[in-house]
Amino acid sequence: MLSERRLQVLRAIVQDYVGTEEPVGSKALTERHNLGVSPATVRNDMAALEEEGFIAQPHTSAGRIPTDKGYRLFVDKLAGVKPMSPPERRAIQNFLEGAVDLDDVVARTVRLLAQLTRQVAVVQYPSLTRSTVRHVELLSLAPARLMLVLITDTGRVEQRMVDCPAPFGEASLADLRARLNSRVAGRRFADVPSLVEDLPEAFDTDDRGTVSTVLSTLLETLVEENEERLMIGGTANLTRFGHDFPLTIRPVLEALEEQVVLLKLLGEAKDPGVTVRIGHENAHEGLNSTSVVSVGYGSGGEAVAKLGVVGPTRMDYPGTMGAVRAVARYVGQILAES
């Protein structure tokens, strides 16, 4: 274990390097931080930190910079999450509250995260596998044609046309609508098939064909919408960090174009806390020079999807973690109220 003083020296190196973009020397550290020891002692501490792999010397400089291992210790032990100020929180809330539907919520969230953190923002659409049914609406368009509207707890709306095998009266339609919602409203998608399998038996023989057709359309909708979708924004922010990527930003941009890579990066939605992956902790080679800060969001205290940012490892971790967590909280509130 590192001594408390060496941890303070590491924290100071990370803060200075993130703030100045310049490798950090012992003289500058003692001038800028109240470490309470001489430059010679700080030099010894830096030598020990370097030997243990927490900092390294870029070949052209006398100063030192944090390694992935150094950033990891900083995030785990030394960095609190920096809370947003009240004006920042109000601005987030006002911007997100203007959204008109789920697509708009996701688009605004991406723009907001990219602006707040000046990194690349990635937002996963709420996954229907983790969603619940808020309401199923059935509308008669013609004697043998219906529209099925599925509304989820995250505000997603899916519409499907249903061609019935026989005319279906308004009384039967109202009965089906009521029975269907009494069984599936508030229930998880995964539970719906078993909840409705015997529903046709509650209807007259003449209507059972139509009830079965409506149910199969509903179940197909649940399966179809199982794919994961993402929205990404702020990739231009990477160009500001050109010197933070050892060779070129092209591998990073190529990795960001691959949806599967991004979904893996964000991680499992069921882990609701803030997750930070640093440098080589990212399995995709193109992202070895980046850090990913992500968090789950959702309504009612359960995460239904992830959002996060991708940027260079030289990142303001406390500020980024605070922004990502605050935005996720407000998105969850909006989904709960929608």
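Structural notes, computed from the coordinates. (Residues numbered from 1 in each chain as written. Predicted model: local features only at pLDDT ≥ 70, side-chain atom pairs only at ≥ 80, totals over all residues. Heavy atoms only, no water.)

With that settled, consider the overall build of the chain. A count of helices and strands for the chain gives twelve helices and ten strands. What you see for the chain is a C-alpha radius of gyration of 26 Å, clearly larger than the 20 Å of a compact globule of 338 residues, by over 25%. Each of the three principal axes of the chain carries a C-alpha extent, and together these read 90 × 40 × 35 Å. Expressed as a percentage of its 338 residues, the buried residues of the chain come to 49%. A fraction of 60% describes how many contacts in the chain between residues 6 or more apart in sequence connect residues 24 or more apart. With the model as given, the accessible surface of the chain reaches about 16000 Å², and the carbon-plus-sulfur share is 50%. Charged side chains in the chain number 37 positive and 45 negative. The centres of these two groups are separated by 8 Å. (Helix = DSSP H or I, 4+ residues; strand = E, 2+ residues; numbered from the N terminus. Rg over C-alpha atoms; globule rule 2.2 N^0.38 Å. Buried < 20%, exposed > 50% of the residue type's maximum accessible area, 1.4 Å probe, protein only. Contact = heavy atoms within 4.5 Å. Areas by Shrake-Rupley, 256 points an atom, 1.4 Å probe, with all protein chains shown as cover. Lys, Arg positive; Asp, Glu negative; His and termini not counted. Charge placed at Lys NZ, Arg CZ, Asp CG, Glu CD.)

So, about the side chain of Gln124. Position of Gln124 relative to the elements: it lies in strand β3 (residues 120-124). According to the relative accessible area criterion, Gln124 is buried, its value standing at 4%.

Counting 56 residues, the largest nonpolar core has Leu29, Leu307 and Tyr317 as its most contacted members. When residues of this core are sorted by domain, at least three fall in each of domain 1 (4-78) and domain 2 (86-126 + 228-337). The residues touching Leu29, leaving out its near neighbours within four places in the chain, are Val9, Ala12, Ile13, Asp16, Val24, Leu35, Val42 and Met46. Val136, Val184, Phe189 and Leu199 belong to the second largest nonpolar core, which has 23 residues in total. (Core = buried A, V, L, I, M, F, W, Y, C linked by side-chain atoms within 4.5 Å. Domains from an automatic or database assignment.)

Within helix α4 (residues 68-78), the full set of buried residues consists of Gly70, Tyr71, Arg72, Leu73, Phe74, Val75 and Leu78. Considering only its buried residues, α4 is in contact with α1 (4-20), β2 (65-66), β8 (275-278) and α12 (317-337).

Quick look at the pattern of salt bridges now. Applying the stated criterion across every chain yields a total of 15 salt bridges. Between Asp76 and Arg72 there is a salt bridge whose closest N-O contact spans 2.8 Å. Residue Asp76 and its partner Arg72 are both found in helix α4; the two are separated by four residues, about one turn of the helix. A salt bridge links Arg108 to Asp104; the shortest N-O distance between them is 3.2 Å. Taken as a pair, Arg108 and Asp104 lie in helix α6 (residues 102-117) at a separation of four residues, close to a single helical turn. A relative accessible area of 18% means that Arg108 is categorised as buried. Through salt bridges with shared partners, one network takes in Arg5, Arg6 and Asp45. (Salt bridge = Lys/Arg side-chain N within 4 Å of Asp/Glu carboxyl O.)

Here we take up the sheet that holds strand β9 (residues 290-297). On the basis of which strands lie adjacent, the open sheet formed by five strands has the order β7-β3-β10-β9-β8 and antiparallel pairing. Sheet topology places β7 (230-233) and β8 at the edges, where each strand pairs with a single neighbour. On average, each strand axis in the sheet is inclined to that of its neighbour by 15°, with strand direction left out of account. Direction of pairing for β9 relative to strand β10 (residues 305-312): antiparallel, over a ladder of eight bridges. Bridged to Val293 within β10 is Val309. Docked against the sheet, helix α11 (residues 259-266) engages β3, β7, β8, β9 and β10, running at close to 90° with respect to β7. (Pairing = 2+ DSSP bridges. Axes fitted to C-alpha atoms, helices over the stretch in contact; angles between N-to-C directions.)

If you trace the backbone, Asn181 turns up in helix α7 (residues 170-184). Among the residues examined, Asn181 registers a relative accessible area of 12% and is labelled buried. In terms of polar contacts, Asn181 uses its side chain to reach the side chain of His135, at 3.3 Å. Beyond its immediate sequence surroundings of up to four residues, Asn181 is in contact with His135 and Val136. (Polar contact = N/O pair within 3.5 Å; in protein donor to acceptor, adjacent residues only side chain to side chain.)

A few words on the packing of aromatic side chains. One pass over the structure, following the stated rule, counts one aromatic pair. In this structure, Lys69 packs its charged tip against the face of Phe54, placed 4.6 Å from the ring centre. The ring of Tyr125 carries the charged tip of Arg229 above its face, separated from the ring centre by 4.0 Å. (Phe/Tyr/Trp six-rings, centres within 6.5 Å; stacked < 30°, edge-to-face > 60°. Lys NZ or Arg CZ within 6 Å of the ring centre and 35° of its normal.)

This part takes up the layout of surface pockets. There is about 460 Å³ of room inside the second largest pocket. If you trace the second largest pocket, you find 20 residues lining it, with Leu116, Thr117, Gln119, Asp316 and Thr320 closest to the centre. Looking at the lining of the second largest pocket, the elements with two or more residues in it are α1, α6 and α12. It is α12 that contributes the most residues to the lining of the second largest pocket, three residues altogether. Classifying every residue of the lining of the second largest pocket by side-chain character gives seven nonpolar, six polar and seven charged. There are two domains that each give the lining of the second largest pocket at least three residues, and those are domain 1 (4-78) and domain 2 (86-126 + 228-337). (1 Å grid on protein atoms, 1.4 Å probe; cavity = no way out; pocket = protein on both sides within 12 Å on 5 of 7 lines; lining within 4 Å. Points joined across faces, edges and corners; volume = space filled by probe spheres on them. Nonpolar A, V, L, I, M, F, W, Y, C, P; charged D, E, K, R; others polar.)

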